[in-house]
Amino acid sequence: MSFIALIDYGMGNLMSVSKALEYVGGKIRVVDTPSDAEGASGVILPGVGNFGDGMEHLNRSGFVPFIRETVRRNVPFLGICLGMQMAMVAFARNVLGYEDANSSELNPDTTHPV
């Protein structure tokens, strides 16, 4: 069964995204571990208001390598707010080759702000 994984890393706005997708008939599975998201036909990473805390929670959840692999395998990925910001950092690092790319909100001294 195909489903869209909505990542719950303890910070994101799950309710509005989940309800919107359910309204249009999407099969949503809220996941809080990378193994629960395996096999998803798409992945959504909702955003937060406090980027520093959000990124800490995202790292602690173990989703960063999962997201990187998901994007590498061309599984549709939607990042909202922090999620989009991290997707742009990943693109700059992994596609453009800027190994030190980062958000200036997370590292004001980065030489490649995205």
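Our subject is the structure listed above.
What you are looking at is a predicted structure, and each value in this text was computed from that prediction instead of being measured.

Criteria and cut-off values
Residues numbered from 1 in each chain as written. Predicted model: local features only at pLDDT ≥ 70, side-chain atom pairs only at ≥ 80, totals over all residues. Heavy atoms only, no water. Patch = residues over 30% accessible without salt bridge, like charges linked within 9 Å, V, L, I, M, F, W, Y side chains within 5 Å. Areas by Shrake-Rupley, 256 points an atom, 1.4 Å probe, with all protein chains shown as cover. Salt bridge = Lys/Arg side-chain N within 4 Å of Asp/Glu carboxyl O. Helix = DSSP H or I, 4+ residues; strand = E, 2+ residues; numbered from the N terminus. Core = buried A, V, L, I, M, F, W, Y, C linked by side-chain atoms within 4.5 Å. Buried < 20%, exposed > 50% of the residue type's maximum accessible area, 1.4 Å probe, protein only. Contact = heavy atoms within 4.5 Å.

J.: Just give me the short version of a nonpolar patch on the surface, but keep the residues and values in it.
T.: A surface patch of nonpolar side chains, amounting to about 780 Å² of accessible area, comprises Leu78, Ile80, Met84, Met88, Phe91, Val95, Leu96, Tyr98 and Val114. Top contributing element to the nonpolar patch by residue count: helix α5 (residues 82-94), with three residues. For leucine 78, the position within the fold is in strand β4 (residues 77-79).

J.: Any details on the nonpolar core? Residues and values, ideally.
T.: Core analysis: the biggest nonpolar cluster contains 19 residues, and Ala5, Ile7, Val43, Leu58, Phe63 and Ile67 have the highest contact counts within it. Elements with a contribution of two residues or more to this core: β1 (4-7), β3 (42-45), α3 (51-61), α4 (63-72) and α5. At four residues, α4 tops the list of elements feeding residues into this core. Not counting the four nearest positions on each side in its chain, valine 43 is found in contact with Ala5, Ile7, Phe66, Thr70, Val75, Pro76, Phe77 and Leu78.

J.: A description of the pattern of salt bridges should follow, citing residues and the corresponding values.
T.: Counted under the stated rule, the structure contains three salt bridges. One salt bridge in this structure joins lysine 19 and glutamate 22, with 3.7 Å as the shortest N-O distance. Separated by three residues within a single helix, lysine 19 and glutamate 22 lie in helix α1 (residues 14-23), roughly one turn from each other. The partner of arginine 72 in a salt bridge is glutamate 69, with the nearest N and O atoms 2.6 Å apart. With arginine 72 and glutamate 69 both in helix α4 and three residues apart, the pair spans about one turn of that helix.

J.: An account of unusual backbone geometry is requested, with residue identities and associated values reported.
T.: Of note in the backbone geometry, asparagine 74 takes a positive phi value of approximately 65° without being a glycine. Tracing the backbone shows asparagine 74 in the loop between α4 and β4. Using a relative accessible area of 67% as the deciding quantity, one classes asparagine 74 as exposed.

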